[in-house]
Structures are given as structure tokens and as C-alpha cells.
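If you want the building blocks of each chain, they are given just below.
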Amino acid sequence: MNEQTLAHGLGWFSIGLGAAILIAPRRVAQAVGVENKHDILQMVGVREIITGIGILSEDRPARWLWGRVAGDAMDIALLASAPKLDGRTRAGVAMAVVGGIALVDIIASVQHSTGDRRSTSRSLFTGEGLNPPVKRPVVATITINKPAEEIYRFWRNFENLPRFMSHLLAVTDTGDGHSHWMAKGPAGTEIEWDAEITEERPDELISWRSLPGAKVQNSGTVRFEPATGGRGTVLHVELHYRPPGGVVGATIAKLFGEAPEKQIPVDLMRVKQLLETGEIASTAGQPAGRTRSTSRKYDDWLRT
Amino acid sequence: MKANCWYGKHDMRVVDVPDPKILNPRDAIIRITSTAICGSDLHLYDGFIPTMEKGDIIGHEFMGEVVEVGPGIKNLEVGDRIVVPFPISCGNCHFCSQSLFSLCENSNPNAPMAKKVYGQSPAGIYGYSHMMGGYAGGQAEYARVPYADVDHLKIPEELTDEQVLFLSDIFPTGYMAAESCNIQPGDTVAVWGCGPVGQFAIKSAYLLGAERVIGIDRFPERLRMAHEEGGAEIINYEEVNTYDALMEMTGGRGPDSCIDAVGMEAHGATLEYAYDRAKQALMLEPDRPIALREAIRACRKGGTVSIPGVYGSLGDKIPLGAIVNKGLTIKSGQTHVQRYMKPLLERVQKGEINPGFVITHEMGLEEAPKAYDMFKNKERECIKVVLKPGAKRAVPVGSPETVIP
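Everything numeric here is computed off the predicted structure, so don't read it as measured data. (Residues numbered from 1 in each chain as written. Chains lettered and ligands numbered in written order. Predicted model: local features only at pLDDT ≥ 70, side-chain atom pairs only at ≥ 80, totals over all residues.)

Section: the nonpolar core
Soluble globular proteins tend to pack their nonpolar side chains together in the buried interior. The biggest cluster of nonpolar side chains holds 145 residues, and the ones touching the most others in it are V83, V189, V191, A201 and I259 of chain B. With residues near it in sequence (within four places) discarded, V83 of chain B still touches M63, L153, I155, V164, L165, L167, S168 and M341 of chain B. (Core = buried A, V, L, I, M, F, W, Y, C linked by C-beta atoms within 7 Å. Buried ≥ 20, exposed ≤ 12 C-beta atoms within 10 Å, placed from the backbone. Contact = placed C-beta atoms within 7 Å.)

Printed below as a string of C-alpha cells:
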């Protein structure tokens, strides 16, 4: 069974179990020996359905799968509080079942968290997948109402990049296709690395990779292609990166809003604004009837 | 400065906030002389527009005097009197260069949020939720106008604020709605909703050559205005069945074009209204498309349904079968105001229309919360309120039917 099938199976299992609980809470409560807890059980049902939908609807459902593991722990705790007498026996059986399911959940979660699809279930046992993962590349596209030459020229001067890439602090061109990069890391840290251009075709393409020793190993390509009918230039960015600290590092980075999947499209939106209008659209610093000029909830998450 | 801010459903407050500053080279700051409450602001007031945040300054129909310009502005000077179009548009992107200003690709700094909901993001709009950019609005003493070199209409001295203020939104909105109908000689146009946009749609339909225009509403003062000012025939949907009346009036064919100037908070006199109301309250259906359904059903075969009314996300039971089998054309969109401001200003200057006719109330900015309440509940025959920053109390107005407390 590959990891995808396993996750889907668990997703449907979640939904089925959740539905059963919601349709007949009392009967389920009786079956597992927690008659007195059927109201809590209903919440378990809702949780199961949400988790199931989460697993089935996401490309990379790792966090939902971990959510299942957490749910299993809660369920075992709930069962442990079952009343004495024969309820105890039924709850004991149910606990054993939940324990088994929990094991399957953990396997699926670890598989998904290690990221590399091809290593599949073997990784859990060989430990392969626990090395820093090779993530899927981040890809993003935007169309800019300017000729390719102009965009290429702007981009090739790497020192321009921090003007629209908010996580970059500075880029220095050290000559001979080499450059030095400084960026914001998770939780207020700073990261630096050196990079080299690996391929370059004027007005068409720039490829780069970080040099050995970089904390965030990365490589990528940006391509500039004329849009159909003279409607500007299409920019394609493909970025491969290996975050520091593997899965844990990537998760922490995500929590602090440093995830490239989210950041690159926003950066492209900004470079388009800068090249087309000469400025970057913003409301930071405008008045509002509250202490902050922008909304932490709605604005800041995608602007910083 | 003082500004009217949103703090929640039915909770507007005029509070002291910092003055706006130039944030980008193409910004200008204006001192607002007149600012209006739009029917679409009532959707904010009623809490139907998502991604609002406590303290958001609202308002998107405003004009005033330039007091400061950014270094990137060459065509505006301090002292210029300008009307500001409600969509914020860069003037440079693919859409702006095709005059599709409300579809500007660059002006919404929160585009990814709108993209999640709509697939692509429209332009930013003043004071109309964070999904639309989170820009501070113009129900205030001062406002920052981004891309001010593109987004302004200079006003000659001889025209009053009341004559030109509505070039910011409702006049172009009613006009574009009528223009979308592709009106032919002899056409009959029906307009659902005789609020301010409906009034301008009625006037514009005649300006564009309609032979007959029919206004549909339930408030007598609005119907009276549609009839007396706009010259429309009228239907009060609480008294007669709209579809039957329209068939009777159009020889059984239906109106050639139907304009839905109502939008997401439509009312109705039927069970259907109760159904939508209940679904909306349960958050199962954010938009309440009662007027739209009726317009689609009444429209003649091969006709056009034009939708200037604001819808936010999803509506149920749109009669797709009628659209397909009657071969209807559906036209909609936020107004490309920048496209219409100059030609419509010319119509005002030529005396073809005086947009001030919709104003029923002028009040001080500080009375904004009271004005919202009055407008929402259609008290004192309120159709359109203009707020005057700097005036503490209601100020007299020359328009007919003005009621001052």
C-alpha cells in the first residue's frame, strides 16, 4: 500500500466513523463502553469528519494525519475514563482497537511528513526519509506588462531583488556569476549564503544554485517568456530548497510565515507592481480607528 | 482627523485617527469636502462583507481639495479640486490599459486573499474590506489617494460638489449598467431597485435611447423619485406581482433588458424571500439573489440582464435554465469609473443631467452613525446622504425634500 492510498483510507475512515457517531451517538457510546459520555462523543464525531475532509482535500495532508494521532490520544484518554463494571471491558477492547489505529496513523503521518514521495514506507524503517527532505519545488507564475529584456535586466541585477522579496535583506554581486545573499530566517534569525549562476540566457532564463555550506540549500530557475499576442512577459519561477533542520525546520519556518510556497507568489506580485507602476501597493502607515494601521489578521500575514 | 470607522454590525463610530500621509510616490492627500454613503456601504453596516476589521475607515464616494502630492505626481497641484473614483487603479497594467479599471492587477495588496475566493483578484477599493485591499476610506476629513495621477477627475470651479460628487461611483455605475444593456431604439428597460444606483440607471437608460424604463421598488419615495425625476413607469412589488405586471406592460414579451440594482440583500414579498433570508442567516448562502432571479425570469428572450448590484460570493438557485434556453446575455462588474468620469462630467456641464437630484439629506460627518441608521431603515424618506466633514451639525441643502432633524 503506498502512502497516498493509506492516507486516503484513513481520511474516509475518519469521515465514516464521524458520521456513525453523529447519526447514532448513543449506540456508539454503548458499544465502546462510555454511555455517560455521548455528548463528548458527538464532538469526537465532528472532529473526525473535519479531519477526514482535511486529509482528503489536501495535497500534503501531514498535519491532518498528525491531527489524527492527537485525536487517538484523546480517545484513549476518554476510554480510560469509562465507568467500571462491564463498561470497562468494552472500553478496554475499544482502547486496543484505537491503539492499533494510532499505530497506522503514526506510520502515515511520518511518511507524509518526510515529504519525499518516492521513498514511501521504506523510509520509516530505513530512516532514509528522516534526513533533510528534498521538497517538491515551489513554482509560481505571473504576467508582467513589460518586455522580457526589461524584466530580465532588472532581475539579473540581483541587488534589486530585496526591493520586492521581503525576506531578503541584501544581495551582493561578488562578480564572476557569484553572489552573496542575506535573508531573514525563522524567528528573527538571519541566514547568509553564497550562490552561483549555473545557466544564463539573456532575456530568457537565469538558473542558480547555492554553494556548499549554505544553511538553506537552494537552487532554481527563473524564465522570461513573451506572452501570447504581445500581452507582456510571462515569468516562471521554480525554486528547490532544503530548509535548515529538515521537516521540523520547515514547520517552524511556516509558523513564522517564512514559507516559500506562500512567499514567492507574493514576491512576484510585488515585482510586477514595481515594474509596472514604479511602486509597491501598500497601506502600511495609513490611518485607522485602532492602534495598528493595517490588520494583523488580514494584511500582515501576506505582507511580511 | 475625524473619520467614520466600522466596529462591527450596526456599529459605526466617528473617532479621532491620525492624519493620512504620503506612503508611495504616486499618492496624493486630499481634504475631503463631500463624502457620500453608498448603498453598498449598508452591506458593510449589516455585516455581510467578510474580512472587515474593527477600526476600518469606510467610504468610497468622496471628493475634495488636494493638499499634498507625492514626488511621482506631475499632473496635480495643491489646491486642485478632484473627485476620486472608487476603484483604485494603477493605469499601467494590462487591464487598466484596456480601460477595465476595476480589474486593475496591481492595486490590491491583498490580492492573494481575493484570489482564493474569486480565482483572480479585482482592483482595490477604498474602505471596502481587507479582501479588497484594506484601504482607508473617504468618510473622513482627509484621505490618501494612491495612483492619484490616474485616479482623479479635476472639477471646474463653477460646478458644485453636489453636481459632481456622484461621478465617484453611483452615476457611472448606473450608466455602465445601462450601457451594458446595449439599448436599441424602441427598447424597454426594467430596473430592479430604485435606490441611488437604480435612479441613475433609469436616467442613463433614457440618455442611451431607451423608449420606456420601468422602475421596481417598494418604497413610495423612491418610486416617486423614479417617476418624477427619472420619468420611469413604476411597479411597487408589494402591491402587484412584478412578473405579471411586467408582462402586462410589455405585451407579454418581457423587458428587452433587466438591470438588477439591488444586490445581495434583496427583499421580496414571497415565501422565496423567507427561504433566502433563512439560508443567509445560517451562513449557507451569503448572497440573496431574489431580484436577480426575478430579472432573469422576466427578461425577454435574447435580452440582457445587467448586474450593477453588489454580490459578494455565492447565491443559490440561479435559474440557469432560463439563461440558456432564453439565450440571455449576462453583464456585470464593478464599475470602470475612470472610463466614464470625463464623458459624464461633460453631460453634467451640458445640463443633460444634474446628479444632485438623488440627495435627500446632507449632514455633518460626525452624524455618520445616525445617517447609516436612517439610511438602513429608510427613515425620513432617506434615499441618499451626503456627509460634510467639518460641519458639526446638519447643514441646509438646496435639493427638494430635504429633511433636517
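Points about the sheet that holds strand β5 (residues 205-210) of chain A
By definition, the strands of a sheet pair up through backbone hydrogen bonds, in either a parallel or an antiparallel sense. All names here are of chain A. Strands sit in the order β1-β7-β6-β5-β4-β3-β2 across an open sheet of seven strands; the sheet is antiparallel. If you trace the sheet from one side to the other, it starts and ends with β1 (138-144) and β2 (168-175), each paired once. The average undirected angle you get between the axes of adjacent strands in this sheet is 20°. Relative to strand β6 (residues 217-226), helix α7 (residues 148-156) is tilted by about 160°, and along the sheet it contacts β1, β5, β6 and β7 (233-242). Packed onto the sheet, helix α9 (residues 260-277) meets β1 and β7 and runs at close to 15° relative to β1. (Pairing = 2+ DSSP bridges. Helix = DSSP H or I, 4+ residues; strand = E, 2+ residues; numbered from the N terminus. Axes fitted to C-alpha atoms, helices over the stretch in contact; angles between N-to-C directions.)

Quick notes on the interface of chain A and chain B
Taken residue by residue, the interface counts 28 residues in chain A and 38 residues in chain B. Looking at the side of chain A that touches chain B, the elements with two or more residues in it are α9 and α10 (296-303) of chain A. Within the side of chain A that touches chain B, the residues separate by chemical class into eight nonpolar, twelve polar and eight charged. (Nonpolar A, V, L, I, M, F, W, Y, C, P; charged D, E, K, R; others polar.)

Here's the deal with the domain arrangement of chain B
Residue and element names in this part refer to chain B. Parsing chain B into structural domains produces domain 1 (2-169 + 336-388) and domain 2 (171-332). Summarising the inter-unit geometry, the C-alpha centres of domain 1 and domain 2 are found 25 Å apart. Of the residues lining the interface, 24 residues belong to domain 1; the matching set on domain 2 comes to 22 residues. At four residues, helix α11 (residues 337-349) tops the list of elements feeding residues into the side of domain 1 that touches domain 2. Looking at the side of domain 1 that touches domain 2 residue by residue, the classes come out as 14 nonpolar, four polar and six charged. (Domains from an automatic or database assignment.)

So, the sheet that holds strand β11 (residues 188-192) of chain B
Residues and elements named next belong to chain B. Pairing in this open sheet of six strands is parallel, and the strands run β13-β12-β11-β14-β15-β16 from one edge to the other. Edge positions in the sheet fall to β13 (233-236) and β16 (329-332), since each of these pairs with one other strand and no more. The mean inter-strand angle of the sheet, taken between neighbouring strand axes irrespective of direction, is 20°. With five bridges connecting them, β11 and strand β12 (residues 212-217) associate as parallel partners. Following the sheet pairing, V189 is matched in β12 by V213.

Brief notes about the packing of helix α4 (residues 170-179) of chain B against α11 of chain B
Packed helices, taken two at a time, are described by the angle their axes make and the gap between the axes. Residues and elements named next belong to chain B. For the pair α4 and α11, the least separation of the axes is 9 Å and the interaxial angle reads 100°. Accordingly, the angle class assigned to the pair α4 and α11 is roughly perpendicular. Counted together, F171, P172, Y175 and M176 of α4 and V337, Y340, M341 and L344 of α11 form the full contact between these two elements. (Parallel < 35°, antiparallel > 145°, perpendicular 65-115°, else oblique.)

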